[in-house]
Amino acid sequence: MRWYVSIGVVLVAGVLAGGDVAGFAAPYQTNRPGQQPNAASRQLADKEANPTVDVELVLAVDVSYSMDMDELALQREGYAQAIVSKEFLQALKSGPNGRISVTYFEWAASTDQKIIIPWRLIDGPETADAVANEIIKTPIRRASRTSISGAIHFAMPLFDENPHRGLRRVIDISGDGPNNNGAPVTIARDAALEKGIVINGLPIMVKEPSYSTMDIDNLDLYYEDCVIGGPGAFVVTIKDRDKFKEAIRTKLLLEIAGRTPEHPVVPAAGKEPRVNCMIGEKIWQDRWGR
């Protein structure tokens, strides 16, 4: 089941309300049949048996050339400010463990991903400040192409490297265009879902679509039908530059509290996607023939 939320709909009180936690992580296989457990497998087994955080959250942030420098700066500031906000810290303490594990990387082409923040534990104001400062101090960069599938494939093994086991595993993808490089996005999405990973989306639609940037009119529908997935998966769409930071905060509050939006729009089951999930590849091929 997938969900959609508009900016301003979700209130902090709703985020902090009670409810079942969706999207539990699938177990890992610790060793092969007949194999004696070694130190590493025992450590992994302990990690499986004792969840220590409420969510393992991968923030995958688009830095392709279609994002202008102002958008990139707003994006960085939005994440940093959201993580230290009063609402975020309140939501953090509402979980059974009262802490989360987060990593933040930037992506563009299928072979272009850069980890900005390795796995960090956030359990209060001090650790939140440290992560926010790391995000802000890193120089902003831009790169070519847009590979959402590459970002998902890069994100999946990061969970195995995390020393903290979470009740949920979530990949959060922000971007302002469709996949146009690497494997088809639906193949990457389905591979993540098979591992029990939830994918949420932050489609950025603050500019009019243009030929030069390969933007599309219905990027929100593209994210709903082609990118996100898993129990309680949702999209927060940014259509107003002034709402950029608010949107990021809303999304993070939902994710760390394990909540879904108040007003869902669920695509009809059994129907074809409302958009062509290969539209980015098609546009690229039509324009450049490769």
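Cut-offs and rules
- Residues numbered from 1 in each chain as written.
- Predicted model: local features only at pLDDT ≥ 70, side-chain atom pairs only at ≥ 80, totals over all residues.
- Heavy atoms only, no water.
- Helix = DSSP H or I, 4+ residues; strand = E, 2+ residues; numbered from the N terminus.
- Contact = heavy atoms within 4.5 Å.
- Areas by Shrake-Rupley, 256 points an atom, 1.4 Å probe, with all protein chains shown as cover.
- Axes fitted to C-alpha atoms, helices over the stretch in contact; angles between N-to-C directions.
- Parallel < 35°, antiparallel > 145°, perpendicular 65-115°, else oblique.
- Nonpolar A, V, L, I, M, F, W, Y, C, P; charged D, E, K, R; others polar.
- Buried < 20%, exposed > 50% of the residue type's maximum accessible area, 1.4 Å probe, protein only.
- Right-handed = clockwise from strand over helix to strand, strands pointing away.
- Polar contact = N/O pair within 3.5 Å; in protein donor to acceptor, adjacent residues only side chain to side chain.
- Left-handed = near helix turned anticlockwise from the far one by under 90°.
- Phe/Tyr/Trp six-rings, centres within 6.5 Å; stacked < 30°, edge-to-face > 60°.
- Lys NZ or Arg CZ within 6 Å of the ring centre and 35° of its normal.
- Pairing = 2+ DSSP bridges.
- Core = buried A, V, L, I, M, F, W, Y, C linked by side-chain atoms within 4.5 Å.

Looking at an unreviewed UniProt entry, one finds the protein named DUF1194 domain-containing protein, with Bradyrhizobium algeriense as its source organism.

Caption draft 1: Inspection of the overall build of the protein at higher detail. From N to C terminus, the protein includes 11 helices and seven strands. Looking at the protein alone, contacts between residues at least 24 apart form 83% of all its contacts between residues at least 6 apart. Accessible surface computed for the protein: about 12600 Å², of which carbon and sulfur atoms make up 52%.

Caption draft 2: Focus on the packing of helix α3 (residues 69-83) against helix α5 (residues 125-137). Contact geometry for α3 and α5: axes closest at 8 Å, N-to-C directions at 170°. By the angle between their directions, the pair α3 and α5 is classed as roughly antiparallel. When α3 is examined against α5, the residues R76, E77, Y79, A80 and I83 are found in contact with a partner set consisting of A128, V131, A132, I135 and I136. Of the residues that constitute the contact of α3 with α5, the class distribution is eight nonpolar, no polar and two charged.

Caption draft 3: Structural context of the pairing of strand β6 (residues 198-203). With respect to burial, β6 is a largely interior element, six of its six residues being buried. Neither face of β6 is left uncovered, since the one carrying V198, N200 and L202 and the one carrying I199, G201 and P203 both have all their residues buried. Remark: the strand β5 (residues 166-175)/helix α8 (residues 185-194)/β6 crossover connection has right-handed handedness.

Caption draft 4: Structural detail: the side chain of Q75. With respect to the secondary-structure elements, Q75 resides in helix α3. Classification of Q75 as buried rests on a relative accessible area of 2%. For Q75, the side chain forms a polar contact with the side chain of S174, separated by 3.0 Å.

Caption draft 5: Fine view of the packing of helix α6 (residues 148-155) against α8. Look at α6 against α8: their axes get within 8 Å of each other, and the N-to-C directions meet at 20°. Considering the angle they form, α6 stands roughly parallel to α8. Pair α6 / α8 crosses with left-handed handedness. From α6, I148, S149, I152 and H153 reach across to α8, where they touch V185, A188, R189 and A192. Tallied by class, the residues present in the contact of α6 with α8 amount to five nonpolar, two polar and one charged.

Caption draft 6: Expanded view of helix α9 (residues 219-227). Where burial is concerned, most of α9 is hidden: eight out of the nine residues are buried. Within α9 the residues assigned to the buried category are L219, D220, Y222, Y223, E224, D225, C226 and V227.

Caption draft 7: View of the packing of aromatic side chains. Within this structure, the stated rule accounts for four aromatic pairs. Ring centres 5.5 Å apart and planes at 85° place the aromatic pair Y79 and Y104 in the edge-to-face group. Separated by 25 residues along the polypeptide, Y79 in helix α3 and Y104 in strand β3 (residues 100-107) bring together distant segments of the chain. In this pair, the class of Y79 matches that of Y104, namely buried. Plain terms: the ring middles of F105 and F154 are 4.8 Å apart, the flat faces sit at 65° to each other, and that makes the pair edge-to-face. Taken together, the residues F105 in strand β3 and F154 in helix α6 connect sequence positions 49 residues apart. Given a relative accessible area of 24%, F154 falls into the partly exposed group. The ring of W284 has R145 lying over it, and the distance from NZ or CZ to the ring centre is 3.5 Å. When the ring centre of F159 is taken as reference, the NZ or CZ atom of R169 above it lies at 5.7 Å.

Caption draft 8: Highlighting the pairing of strand β4 (residues 113-122). The pairing of β3 with β4 spans seven bridges and is antiparallel. Bridged to Y104 within β4 is I117.

Caption draft 9: Layout of the side chain of K251. Within the fold, K251 resides in helix α10 (residues 244-257). Setting aside residues up to four positions removed in sequence, K251 forms contacts with L59, Y79, D172, L202, F234 and V236.

Caption draft 10: Inspection of the nonpolar core at higher detail. Within the largest apolar cluster, 73 residues are counted, with the highest numbers of intra-cluster contacts made by I152, I171, I173 and Y222. At seven residues, the largest contribution of residues to this core is made by α10. Leaving out residues up to four positions away in the same chain, I152 has contacts with I171, I173, V185, A188, R189, A192 and I199.

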